[in-house]
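Architecture and fold: a report
Here is what each chain is made of, one letter per residue.
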Amino acid sequence: MPLLYLAMAEDGHLTDDGMREVAHWCDITPAQVMAVASFYTMYKRERTGAYLISCCTSISCMLLGGDDVLHAVEDESGVPHGETDEEGILAVEHVECIGACGGAPAVQVNYELIEGVTPDKARELVNWLRRAKPEVVNTDEMQQLFGGDRSFDWDIAENDGAVGPYPAFQPLGTVGREENA
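Most of strand 1 (residues 51-56) sits inside the fold, with six of its six residues counted as buried. A two-sided burial pattern is seen for strand 1, the buried positions comprising Y51, I53 and C55 on one face and L52, S54 and C56 on the other. Pairing between strand 1 and strand 3 (residues 90-95): six bridges, direction parallel. Within the sheet, the bridge partner assigned to S54 lies in strand 3 and is E93. Across three bridges, the pairing between strand 1 and strand 4 (residues 107-109) is antiparallel. In the sheet register, S54 faces strand 4, and the bridge partner there is Q108.

By volume, the largest pocket amounts to about 620 Å³. In this structure, the largest pocket is lined by 27 residues; those nearest its centre are T41, M42, K44, E93 and V95. When residues of the lining of the largest pocket are traced back to their parent elements, those giving at least two are helix 3 (30-39), strand 1, strand 2 (83-84) and strand 3. Considering every element that reaches the lining of the largest pocket, the biggest residue donor is strand 3, with five residues. When the residues that make up the lining of the largest pocket are grouped by side-chain class, the tally is eleven nonpolar, nine polar and seven charged. There is about 220 Å³ of room inside the second largest pocket.

Conventions used here
- Residues numbered from 1 in each chain as written.
- Predicted model: local features only at pLDDT ≥ 70, side-chain atom pairs only at ≥ 80, totals over all residues.
- Heavy atoms only, no water.
- Buried < 20%, exposed > 50% of the residue type's maximum accessible area, 1.4 Å probe, protein only.
- Helix = DSSP H or I, 4+ residues; strand = E, 2+ residues; numbered from the N terminus.
- Pairing = 2+ DSSP bridges.
- 1 Å grid on protein atoms, 1.4 Å probe; cavity = no way out; pocket = protein on both sides within 12 Å on 5 of 7 lines; lining within 4 Å.
- Points joined across faces, edges and corners; volume = space filled by probe spheres on them.
- Nonpolar A, V, L, I, M, F, W, Y, C, P; charged D, E, K, R; others polar.

This is the structure in structure tokens:
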């Protein structure tokens, strides 16, 4: 599965060629790779924006306002769920459980987590991404700017973050460091 992220990082999304290469590396068929890539929504088979905003709408987030957060993101960005804006800057999606139920409602930008997001903070996030266009999105920075209650205190500062609409993963080279860190 991490190899699918590598293929996404290479091409900006999963291509047929990328999935065939993963199949070759794993000594399985391209159909087996496609079965995984098409089952899990985190593997993007079409280009997304430079910033993929994923709003959790699973039960904990939904009960604490996740749907309102999603609607605020859609409204402020002008981008409905499953779409990317014309400039290729923002893509919006609703996702099921991102593992942050204790800090619901939760949002991810390029798989970097923000907990305790309100609709107003979600609107601010959209405007910040469009205005600042950060090269690296970082959980700690976004949590401080746009988050609220967290599932637990994060004692270790994280200066690294994602450099594209795929997870920050050191072995894949998809990690960047904030300039002011």
